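A look at the structure
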Amino acid sequence: MKRLSLVFCAVALMLALAVPVNAVAPAGKHYAGSLVLFEPETGGIDFGTVCLSFTKNEACTETNVCGPWEFIEKTGSQNQWTLELVFENDVGSQILLELTGRTERRGLKSSIGATFFATVGGATLNGAFAGTQTSLSRCLEFGLSDD
């Protein structure tokens with residue numbers, strides 16, 4: 001009986017001290033990830049490394065391209081959000097990225113995933129972004145790398 005009481009107390013203590021896994025909004029977090037875009041003209045895939053850093057109201061890339069993000073809803077350990085980025089490519093064409101994404105926390109850090117539409121000169125392409133939470137310095141290093 002004494003042993004059963006100790007087991008019960010240990011389980012109760014673990015449950016009382018356990019931190020529930022809640023959804024984590026991306027504000028204040030940095031995500032290193034990969035961006036993938038299908039090129040319909042060539043039939044190939046373009047990809048690159050990206051760092052997304054979220055503040056309370058906007059997200060910025062490693063090259064300081066920033067745009068507003070908006071929280072949509074929390075579902076269990078996930079948050080859904082949208083993000084809009086406008087920037088110029090190497091040839092001076094304006095690109096609009098409209099992302100719909102999710103962050104999810106399981107464990108110590110959160111992961112991120114998004115699909116997006118990239119509009120360039122009237123043409124719209126589909127793409128995806130996926131990554132994981134990291135420190136700002138590692139995120140910037142990853143986003144600026146050539147790998």
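Here's a quick rundown of the structure. Bear in mind that the values here come from a model prediction, so they are computed numbers and not experimental data. Residue positions within a chain follow its written sequence, with the count starting from 1. For a predicted model such as this one, the threshold for reporting local features is a pLDDT of at least 70, and the threshold for listing and counting side-chain atom pairs is 80 or more; totals across whole chains, interfaces and linings nevertheless cover every residue. Note that the side-chain values use all heavy atoms of the structure and ignore hydrogens as well as water.

Considerations on the sheet that holds strand β3 (residues 58–60)
Worth spelling out the cut-off: Two strands pair under a simple rule: DSSP has to find at least two bridges between them. Strands are runs of DSSP state E lasting at least two residues, helices are runs of H or I lasting at least four, and both sets are numbered from the N terminus onward. Orientation is described by axes fitted as lines to C-alpha atoms, over the contacting stretch for helices, and by angles from 0 to 180 degrees between their N-to-C directions. The criterion used for residue contact is that any of the two residues' heavy atoms lie within 4.5 Å.
The sheet built from eight strands closes into a barrel, its strands ordered β1-β2-β3-β4-β5-β6-β7-β8 with antiparallel pairing. Along the sheet, successive strands turn relative to each other by an average axial angle of 30°, direction set aside. Alignment of strand β2 (residues 44–54) against β3, held across two bridges, turns out to be antiparallel. Paired with Phe-54 across the strands is Ala-59, a residue of β3. Contacting β1 (30–39), β2 and β8 (123–134), helix α2 (residues 136–144) runs over the sheet at an angle of about 155° to β2.

Quick notes on the packing of aromatic side chains
Working definition: an aromatic ring pair is given by the centre-to-centre distance plus the angle between the planes. The condition that has to hold: For this analysis, a ring pair means two rings from Phe, Tyr or Trp (six-membered ring only for Trp) whose centres lie within 6.5 Å, classed as stacked if their planes differ by under 30 degrees, edge-to-face if by over 60, and tilted for the remaining angles. Think of it in three bands: residues with accessible area under 20% of the maximum for their type are buried, residues over 50% are exposed, and the middle band is partly exposed, with areas taken using a 1.4 Å probe on protein chains only.
Applying the stated rule across the entire model yields three aromatic pairs. Pairing Tyr-31 with Phe-54 gives two aromatic rings, centres 6.0 Å apart and planes at 85°, and the pair type is edge-to-face. With Tyr-31 in strand β1 and Phe-54 in strand β2, this residue pair connects regions lying 23 residues apart in the sequence. Each member of the pair Tyr-31 and Phe-54 is classed as buried. Ring geometry for Phe-54 against Trp-69: centres 5.7 Å apart, planes inclined by 85°, an arrangement best described as edge-to-face. On the criterion of sequence distance, the pair formed by Phe-54 in strand β2 and Trp-69 in strand β4 (residues 66–75) is long-range, its members being 15 residues apart. There is no split in this pair, since Phe-54 and Trp-69 are both buried.

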